[in-house]
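Summary of the model geometry
Here is how the chains run, residue by residue.
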Amino acid sequence: MIDTSPYDPTDDTETGTPLLFGRVLDGHGGARAVSWEEAQEWRPGKPGEMLWVHLCRNADGVAEWLGEGLGLPEPTVELLTSEDTRPRAFREGNALVATLRGINFNPGAEPEDMVSLQVWCDGRRLVTLRRRPLQTPRAVMAELDKGAGALDAGAVITLMVEHMIARMNRSIIDMNEVIDQLEETDPDEDPEAMLDKIATIRRNCLGLKRHMAPQHEALERISREAPEWFEKHDRREIAETIDRLRRYLDDLDISKESAVVLQDDLRARAAASADRTSYLLTIVAAIFLPLSFVTGLLGINVGGMPGMQDPDAFWVVVVLCAAILLVQLVMFWKWKWF
């Protein structure tokens, strides 16, 4: 079971070095912690051993170690430490280079604010780099520390990818729960607040789709082009993860369409309410327009006004207005305005 627990602040711990954590895998399910100094000097001591270091890519000394310590070409170093976070993957000799994206569950962040993870691995050394805190590496490290984690570099990469995609599913489930709640809510209670929530969901869906669709291509390239140390069972796991990602992307489309339908329904209700109000105001204006004309005409202060000396003139005017109103109501009824 993939753990998709909320943000873990331990990934934001300052260590005074570029190293956020380091582990040496023994190839039998065990792992031991290593310091930054040990990681820089590490060499395989036993068959099956592998070093994994998780670094803060914008820390001092990272680019120098990648170039001088690992002997990586300058373009690869620039890719691993750059702010260009579009998902991609390619093979470079016996190494795999990739940029992946994960859901941002950091405090105050929106789900579509993705967090990038750069990966370089030659089968014996695995280097992961991030700028903002990311939970996935910590979750994988916790499994390794329990002795229930991966055995080699390919398995570690596969496990990280699974965690990233599983966390994406959590975000989709949360959005679908909000949509279900909105569908059960009386639209007349607070339509403006509902429209704000729907707009946020649509924005999240579009952002996730825009960021995660390229990840689909990157994972396919890992499955096809990874070096030989990326074993067949790892490729199968990646292929299954790709299938899950496809389903999640389809779920995003469904969530977006559900939000659009709900938004259109709310707007149609609002438009119908506005039309009813305008219609009623029009009827009222049509009723009082001739009455206002009569009273206005009789209210002008000029000589010769009939009935000025007749004590019954006021009631005559009242009866006249009532008759006009009655005629109007009959005409509106015949015209089916009511």
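Fair warning: this is a prediction, and the values are worked out from it, not measured in the lab. For every chain, the first residue of the written sequence is number 1, and numbering continues from 1 along that sequence. For a predicted model such as this one, the threshold for reporting local features is a pLDDT of at least 70, and the threshold for listing and counting side-chain atom pairs is 80 or more; totals across whole chains, interfaces and linings nevertheless cover every residue. Calculated side-chain values reflect all of the structure's heavy atoms, with hydrogen atoms and water omitted.

Focus: the side chain of Arg 101
- Only DSSP runs of H or I reaching four residues or more are called helices, and only runs of E reaching two or more are called strands; each is numbered from the N terminus. One can find Arg 101 in strand 5 (residues 95–102).
- Every residue pair with non-hydrogen atoms within 4.5 Å of one another is taken to be in contact. Not counting the four nearest positions on each side in its chain, Arg 101 is found in contact with Thr 85, Arg 86, Pro 87, Met 114, Val 115, Ser 116, Met 164, His 211, Met 212 and Gln 215.

As for the packing of helix 4 (residues 135–145) against helix 5 (residues 153–184)
- Axis angles are defined between N-to-C directions and span 0 to 180 degrees, where every axis is a line fitted to C-alpha atoms and, for a helix, only to the segment in contact. Axis separation between helix 4 and helix 5 bottoms out at 9 Å; the angle between their running directions is 125 degrees. By the criterion of interaxial angle, the relationship of helix 4 to helix 5 is oblique. Classified by chirality, the crossing of helix 5 by helix 4 is right-handed. On helix 5, the residues that touch Gln 135, Thr 136, Ala 139, Val 140 and Glu 143 of helix 4 are Val 156, Leu 159, Met 160, His 163, Met 164 and Arg 167. Angle categories are assigned with fixed cut-offs, so that under 35 degrees is roughly parallel, over 145 is roughly antiparallel, 65 to 115 is roughly perpendicular, and the rest are oblique. Two helices crossing with the near one rotated counterclockwise from the far one by less than a right angle form a left-handed crossing, whereas a clockwise rotation gives a right-handed crossing.

Brief notes about the confidence of the model for the chain
- Confidence of the predictor at the level of single residues is given by pLDDT, which spans 0 to 100. This prediction gives the chain a mean pLDDT of 80; 89% of its residues lie at or above 70.
- With pLDDT under 50 throughout, residues 1–10 is counted as low confidence; its partners more than four residues away or in other chains account for 20 contacts.

Structural notes on the pairing of strand 6 (residues 115–121)
- When a residue's accessible area, from a 1.4 Å probe over protein chains only, is under 20% of the maximum for its type it is buried; when over 50% it is exposed; and in between it is partly exposed. Of all seven residues in strand 6, seven are buried, a share of seventy percent or more.
- Pairing between two strands is assigned when DSSP locates at least 2 bridges connecting them. Of the strand pairs in this sheet, strand 5 and strand 6 are connected by seven bridges, and their pairing is antiparallel. Bridge pairing in strand 6 places Thr 99 opposite Gln 118.
- With four bridges joining them, strand 6 and strand 7 (residues 125–130) adopt antiparallel strand pairing.

Topic: the packing of helix 2 (residues 62–69) against helix 3 (residues 74–81)
- Between helix 2 and helix 3, the shortest axis-to-axis distance is 10 Å and the interhelical angle comes to 150 degrees. Regarding the angle of helix 2 to helix 3, the classification is roughly antiparallel. Regarding helix 2 and helix 3, the two cross each other, and that crossing is right-handed. Where helix 2 approaches helix 3, its residues Val 62, Ala 63, Leu 66 and Gly 67 are matched on the opposing element by Val 77, Leu 80 and Thr 81.

Remarks on the nonpolar core
- Trp 52, Leu 126, Val 156, Ile 157, Met 168, Leu 219 and Leu 252 are the most contacted members of the largest nonpolar core, which has 54 residues in total.
- Of all the elements in the fold, those that place two or more residues in this core are strand 1 (19–25), strand 3 (50–56), strand 5, strand 6, helix 4, helix 5, helix 6 (191–225) and helix 7 (232–298).
- Here the element with the most residues in this core is helix 5; it accounts for 13 residues.
- Among all residues touching Met 168, those that are not within four sequence positions of it are Ile 103, Met 212, Leu 245, Tyr 248, Leu 249 and Leu 252.
- Counting 22 residues, the second largest nonpolar core, distinct from the first, contains Trp 42, Val 62, Leu 70 and Leu 129. Only buried Ala, Val, Leu, Ile, Met, Phe, Trp, Tyr and Cys residues count toward a nonpolar core, and they belong to the same one when joined by side-chain atoms within 4.5 Å.

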